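Structural overview
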Amino acid sequence: MNLSLLIIIPLLTALLVLFGRGLKQVRVISLAGALLQLGISVWLLLLYWQTRTSGNNEAMLFVQNHAWFAELGIHYHIGVDGISIAMILLTASVVVAGILVSWNETNMSKEFFFLLLLLSMGAYGFFISLDLFTLFFFLEVAVIPKFLLIGVWGSGKKEYSAMKLALMLMAGSALVFVGMMGVYQQTHSFDIMAIAKMHIPLEVQKIFFPFAFLGFGIFAALFPFHTWVPDGHASAPTAASMFLAGISMKLGGYGCLRVATFLMPDAAHAYSWIIILLATIAIIYGAFATMMQTDLKYINAYSSVSHCGFVILGIGMLTETSINGAVLQMVSHGLMTALFFAAIGMIYTRTHTRMVAQLGGLLKVMPFISTVFVIAGLCSLGLPGFSGFVAEMTVFMGSWQNPNGWYRLATILACASIVVTAVYILRAAGKTIMGPTGETHQQLSDASWNEKLAAGILIVGIVLMGVAPFLINQLIGTGVGTIMQQVGNVITQK
Amino acid sequence: MQGIPLTHILFVSTALFLIGMYGLFTRRNLITMLMSIELMLNSVNINFVAFNKYLYPDKLDGIFFSIFIITIAAAEAAVAIAIIINLYRTHTSIDVEDATEMKY
Amino acid sequence: MSNYSYLYWIPLLPLATFLVLGMFGRKYLSPISGMLGTLSLAGSTLISLFAANQYFFVDGKMNGVYQKITAFRFTWLTFSPNVSIDMSVIVDPISVMMLVVVTFVSLMVHVFSLGYMKGEKRFATYYAFLSLFTFSMLGLVLAGNIFQIYIFWELVGVSSFLLIGFYFEKPSAVAASKKAFIVTRFADLGFLIGILILAFYGKTLDIGVLVERLTSVQSPEYLGIAGAGFLGISVLSWGLSLVFIGGAGKSAMFPLHIWLPDAMEGPTPVSALIHAATMVVAGVYLVARLFPIFSMDVSVMHLITYVGVFSALFAAIIACTQTDIKRVLAYSTMSQIGYMMFALGISHQTGESGLGYMASMFHLFTHAFFKSLLFLGAGAVIHLVHSNDMKDMGGLRKWMPITHMAFLVGCLAISGIPPFAGFFSKEEILTAAFHNSPFVYGIALFTAGLTAFYMFRLYFSIFWKKEASHAYTHGEGTLTMKIPLVILTILAAGAGLLPFSRWVTADGISMETHTDLLFSAIPVSFTALAILLAMYWYKNENDKPARFASMAGGWYRAAHRKFYVDEIYLFVTGKILFPLVGRPIAWFDKNIVDGCMNLLATLTARFSSLIKRWQSGSVQNYALYFFGGIAALAVLFIYLWK
């Protein structure tokens, strides 16, 4: 299969959108493109299965490699493994859901959908890149549209948030770039798989690993660089929030894994205590900060900080199970947060408020949206049957395997956060969904078809992953295996 | 001609340059400032020609450059006068102090 | 040995019902949803009864020992090569016994709800949630993998949450549902960490293998876990205590019991099913399931014993002072579970010394029937009176004869009056306690008296005391409400006569128990006295109880206010956790972390405003800089650059 399709389709759709007339044409074109992309992603998944079952054990499949700027060794080099496919499926689902949720975006709809599609193209490109430079290129493509999406279509203090988000993410990319250049200077290659086979001296790794990891860490809301998350999410329009939490933050987690840890494993071992410390702080701190929030979007944004902490924790623990868990958590969190933001957006468009105190008893007037909200909440607090449970438990089990006593303590603290999660989720749900229905809410309508479809797609993902985790576990298994070969087993090393 | 040493010529051109500079910094009238710039350019031309003549008599590079500069100066004068005319239309003045829109 | 793999249909039927009713019930199936749920559960019940018959009477026994059979296993999620969550169906005496209890009580509750919840707007949703709960509980019962227990453990927790909050427009119900979920979640944290510890040292999540490894003292796994220590306590004790904390949370043991009384905000049949008969005994079941491992560690067994016996006494004292009939029943549930818990704690693994284990399971079995009977009876009363408070009741025996009889039988059974069910099981527990620890026996005996007292206080207050304040226009309720009451009455009266010890014992070998007249004389006469006291105080309206209460003064008030445990929790969460942890963190985030970013931005802006003056807009200034720069460079290159 030609992987370039994954980039070409969103690009073509985005260009076509520019020729569309009026909201109606634009949204139909966007949806068609996104659905086509989702279809191709599923097809890719099936092809991947087929190839794997036929005994192909190459680390990367469907590889293409063309020189892009030969003098500097920059190649357009793409290929996928299970992890990338999981991310691509996640992206495709979130994109479809996001477009459906913004079905009635009348304000400059053409530009809005164009930017959404552009962002998604960046994400797809990022996930399939096997060349550091290409990867960086797509990372940047995914950053810029966010600034405009928040700054133009946002709400509240949108200029501030957009600027903050863009500057922090740009700083992240700058750090990534430095790390990348360090690797290049050492190996004279941008090819990820080739670099992985070379040995970068530990001293060099120690210098450039922090750049790469921190850079991607900013994308993944690593404490204390998470502060763009709450403001950015809160100000963004619904679809952009979904994209931000569901896709952009995953760019960071994926980068931490694929670039920082995979290419500089020795430094990852050396610095793992810092990573784990920061991740644990993020988990606990994010959870407690969430507890004090009064705005639904802030609640979800801070809880994202906490949940993305699990991704970082899983990577930092460096056992096969924990890294598995980190990948699962990325997918799970992407679907779940997107669903949560979608539900919040649906509530907001009806009630025109996101303050918990002003909402109440929505279950009576909008049972569907309330159910979606509760499902997202239950997934967030790690209820079995939904994806969150599978991911978090895998991270915990994996983390516990690391024999270091302090890391065990970190694991226990991370486990403790699930109680705090239950507290804030139930507080939010108890006040908004349950309780007496407010006077002003009596006449509100339930979800329309597009909203139902959007929520449905995400819920199917969440439930599928929660009920049949062995499927996705098999999917990402070889990918994580490749990374583990590089990282080495922390259990036997000690 | 043979009796005049290079330093004399350089002295003239330096004087010319400084006069141009002085004009550029002290006058507020854009036309005068433009003329000062022309003076400075011409002092450079003199330098080029003089160096060419005294140091590399068998080459023509210096001459070429001075011709080049004359051409550029002509173009530049045209552009500058166009700007000045436009400035006059908008500000009804060609005083450089009155055009401070580019200020922070 | 026949194949038991068909057992997975037992949980799957309610799951299917849940899915169908959850997705389509509200719109399309609302009128028939009750029948649908009941029928599918009747199917499950039949399969369970069939399986129980097959297991206990046909082929469960091999060489005189009931076998532990893994009837079905499916790898659900692999963590590392030997550690995986398997969805399994395990068949052994306690799981089969629990299957029967859960499906049967659930069926009774389903039938009862047909009448009780009639006319409810969210009828279909109610049945969907009931099915979800039944599915989860059955999954928990059949689990052969410790993580599988955890999964269904969480699922029963959430179904309990959904059902307690069923009347979601009532703020008190919402608060109660949140409380139930959060308190049990907190306990589950202990369970989870316990699992992590046991799984790490045992190198497996499968209960069978885990038990095998951790009970043989020579195995490397046992040596590893018993040898490692943390804070001077062996890791085995840590792991088991943490698992027990999980069980204690679900089973409402002190001090994690605070959610149970509040959980009575849910519909009464739900209380009967979840908060009396099935889910709350999950903690007991968990300890019983891992009993061989628990019995390896004496200190944890002591912990279980004393937590159990203290909860039994503590709850019984509070129950004497409550006036909400469901709350009285809730505290009595807590007290009875305390009995089951300490019976496990004083038990041993094999032979005669395993009496406590058998007694605990027996009590679990009989308790399920008489307690659900009492709750359903209370439900019928509430249905008639539209109030939970004893003060609004009295003299109801004429208006609801069937309920009256049922309630009386339930009260006799829980008090332990022969030949009702509770007598036999409580008798075994007391015997076991007597042989192990006189102290525990003394408290248990006293609690038994208290139990009889508060149950008959309840009984007399509802059905006697005063004449009914007004004539009730409608009767006891529909036929569907009466039938379960009658069936459960029969069971509450007769279940104790079953030769339970032949079927369920700690080591699977049948044992014979016999009632010792001399031994039972003490507890029975003691409870009879307590009943007489309750009759003397509460049969007619008088001021004796009030006088006694004022005599007891502070003690009475403390018990009435449930010994201020709720207030302590509120203090910890409201006065410590939120203001001293949450708020500082939120402040820190807003002012320090965010502040640093804003400071960075402000500094940049300051700096730029500092240097922007150079951008004066005056062409001549620029020219001056330009020439100045040229001159400086000239000096640099000509004179300074060497």
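All of these numbers come straight from a predicted model, not from anything done at the bench. (Residues numbered from 1 in each chain as written. Chains lettered and ligands numbered in written order. Predicted model: local features only at pLDDT ≥ 70, side-chain atom pairs only at ≥ 80, totals over all residues.)

**Description of the overall build of chain B**
A tally of helices and strands in chain B yields 3 helices and 0 strands. Listed by position from the N terminus, the elements making up chain B come as α-α-α. On C-alpha atoms alone, chain B measures out to a radius of gyration of 17 Å, which is more than a quarter above the 13 Å that the 2.2 N^0.38 rule sets for 104 residues. Considering only contacts within chain B whose residues lie at least 6 apart along the sequence, 49% involve residues at least 24 apart. (Helix = DSSP H or I, 4+ residues; strand = E, 2+ residues; numbered from the N terminus. Rg over C-alpha atoms; globule rule 2.2 N^0.38 Å. Contact = placed C-beta atoms within 7 Å.)

**Observations regarding the overall build of chain A**
Looking only at helices and strands, chain A features 20 helices and 2 strands. The C-alpha atoms of chain A give a radius of gyration of 21 Å, which matches the 23 Å a tight globule of 494 residues would have. In terms of overall dimensions, chain A has C-alpha extents of about 65 × 55 × 45 Å along its principal axes. Counting the 494 residues in chain A, one finds 65% classified as buried. The long-range share in chain A, meaning contacts at least 24 apart out of those at least 6 apart in sequence, stands at 81%. (Buried ≥ 20, exposed ≤ 12 C-beta atoms within 10 Å, placed from the backbone.)

**Concerning the pairing of strand 3 (residues 69-80) of chain C**
All names here are of chain C. Relative to strand 4 (residues 83-91), strand 3 is paired through 9 bridges, and the arrangement is antiparallel. Along strand 4, the bridge assignment pairs Thr-78 with Ser-84. The turn joining strand 3 and strand 4, which pair antiparallel and follow one another in sequence, is formed by 2 residues. (Pairing = 2+ DSSP bridges.)

**Some points on the arrangement of the chains**
No other pair of the 2 pairs of chains in contact has as many contacts as chains A and C. The two units chain A and chain B never meet; even their closest C-alpha atoms stay 21 Å apart.

**Some points on the interface of chain A and chain C**
Counting residues at the interface gives 39 residues for chain A, matched by 35 residues for chain C. Tallied by class, residues from the side of chain A that touches chain C come to 26 nonpolar, 10 polar and 3 charged. (Nonpolar A, V, L, I, M, F, W, Y, C, P; charged D, E, K, R; others polar.)

**Thoughts on helix 15 (residues 325-345) of chain C**
The end-to-end C-alpha distance of helix 15 of chain C is 30 Å, a good match for the 30 Å that 21 residues give at a rise of 1.5 Å each. For helix 15 of chain C, a buried count of 21 out of 21 residues is recorded, marking the element as mostly surrounded by other parts of the structure. (Expected span 1.5 Å × (residues − 1).)

**Let's talk about the confidence of the model for chain A**
Low pLDDT means the predicted atomic positions in that stretch should not be read closely. Per-residue confidence for chain A averages 88 on the pLDDT scale, and 99% of its residues sit at or above 70. At the low end of the mean pLDDT range in chain A sits helix 20 (residues 490-493) of chain A, at 50; at the high end sits helix 3 (residues 82-101) of chain A, at 92. (pLDDT = per-residue confidence, 0-100.)

**Topic: the nonpolar core**
Residues Ile-312, Leu-339 and Ala-342 of chain A together with Ala-492 of chain C are the most contacted members of the largest nonpolar core, which totals 431 residues. Setting aside residues no more than four positions away along its own chain, Ala-342 of chain A makes contact with Ala-97, Val-101, Thr-238, Met-242, Ala-454, Ala-455 and Leu-458 of chain A. (Core = buried A, V, L, I, M, F, W, Y, C linked by C-beta atoms within 7 Å.)

**Notes on helix 16 (residues 355-385) of chain C**
Residues and elements named next belong to chain C. Counted at 1.5 Å a residue, the expected span for helix 16 with its 31 residues is 45 Å, and the 43 Å between its end C-alpha atoms agrees. Maximum bend of helix 16: about 30 degrees, positioned at His-367. Counting buried residues along helix 16, 30 of its 31 residues qualify, which places the element largely inside the surrounding structure. One or two residues past the end of helix 16 sits His-386, with phi positive at roughly 60 degrees. (Bend = angle between axes of the 7 residues up to and from the residue.)

**Looking at the packing of helix 2 (residues 33-59) of chain C against helix 4 (residues 123-142) of chain C**
All names here are of chain C. The geometry of helix 2 relative to helix 4 is characterised by a closest axis approach of 8 Å and an angle of 15 degrees between their N-to-C directions. Viewed along their axes, helix 2 and helix 4 adopt a mutual orientation that is roughly parallel. Helix 2 and helix 4 meet at a crossing whose hand is left-handed. Of the residues in helix 4, those touching helix 2 at Ser-33, Gly-34, Gly-37 and Leu-41 are Phe-123, Ala-124, Tyr-127, Leu-130, Ser-131 and Thr-134. Looking at the contact of helix 2 with helix 4 residue by residue, the class counts come to 5 nonpolar, 5 polar and no charged. (Axes fitted to C-alpha atoms, helices over the stretch in contact; angles between N-to-C directions. Parallel < 35°, antiparallel > 145°, perpendicular 65-115°, else oblique. Left-handed = near helix turned anticlockwise from the far one by under 90°.)

**Regarding the environment of Ala-272 of chain C**
Residue and element names in this part refer to chain C. Structurally, Ala-272 can be placed in helix 11 (residues 268-277). A C-alpha to C-alpha distance of 9.0 Å links Ala-272 and Ser-106, two positions 166 residues apart in sequence. Residues in contact with Ala-272, not counting those within four places in the same chain, are Val-109, Ala-277, Ser-372, Phe-375, Leu-376 and Gly-379.

**As for the packing of helix 9 (residues 235-250) of chain C against helix 12 (residues 282-289) of chain C**
All names here are of chain C. It is the contact of helix 9 with helix 12, at a shortest axis distance of 7 Å, that shows an interaxial angle of 150 degrees. Viewed along their axes, helix 9 and helix 12 adopt a mutual orientation that is roughly antiparallel. From helix 9, Phe-244, Gly-246, Gly-247, Ala-248 and Lys-250 reach across to helix 12, where they touch Ala-282, Gly-283, Leu-286 and Val-287. Partitioned by chemical class, the residues of the contact of helix 9 with helix 12 number 5 nonpolar, 3 polar and 1 charged.

**Here we look at unusual backbone geometry**
Note the cis peptide between Phe-254 of chain C and Pro-255 of chain C, where omega equals 0 degrees. With respect to the helices, strands and loops of the structure, Pro-255 of chain C is situated in the loop between helix 9 and helix 10 (259-262). Of note, the amide linkage connecting Pro-418 of chain C to Pro-419 of chain C takes the cis form, showing an omega dihedral of 5 degrees. If you trace the backbone, Pro-419 of chain C turns up in the loop between helix 17 (401-415) and helix 18 (421-436). In this structure, Thr-92 of chain B is a non-glycine residue whose phi angle is positive, near 45 degrees. Within the secondary structure, Thr-92 of chain B is located in the segment after helix 3 (61-91). C-beta crowding within 10 Å serves as the criterion here: with 8 such atoms nearby, Thr-92 of chain B is assigned to the exposed category.

**Some words on the environment of Gly-23 of chain B**
Residue and element names in this part refer to chain B. As for its placement among the helices and strands, Gly-23 is situated in helix 1 (residues 6-26). The exposure class of Gly-23 is partly exposed, given the 19 C-beta atoms found within 10 Å. Considering only alpha carbons, one finds Gly-23 and Leu-34, 11 residues apart in sequence, at a separation of 9.3 Å. Residues within four places of Gly-23 in sequence aside, it is in contact with Thr-32, Ser-36 and Leu-39.

**What about the environment of Ser-461 of chain C?**
Residues and elements named next belong to chain C. Its location among the elements puts Ser-461 in helix 19 (residues 438-463). Taking the number of C-beta atoms within 10 Å as the measure of exposure, Ser-461 has 25 and is therefore buried. Spatially, the C-alpha atoms of Ser-461 and Trp-503 are 39 Å apart, while their sequence positions differ by 42 residues. The contacts of Ser-461, once residues within four sequence positions are left out, are Met-390, Met-393, Gly-394 and Tyr-538.

**Focus: the confidence of the model for chain B**
The predicted model of chain B has a mean per-residue pLDDT of 89, with 96% of residues at 70 or higher. For this predicted complex, the interface score ipTM comes out at 0.90, alongside a pTM of 0.87.

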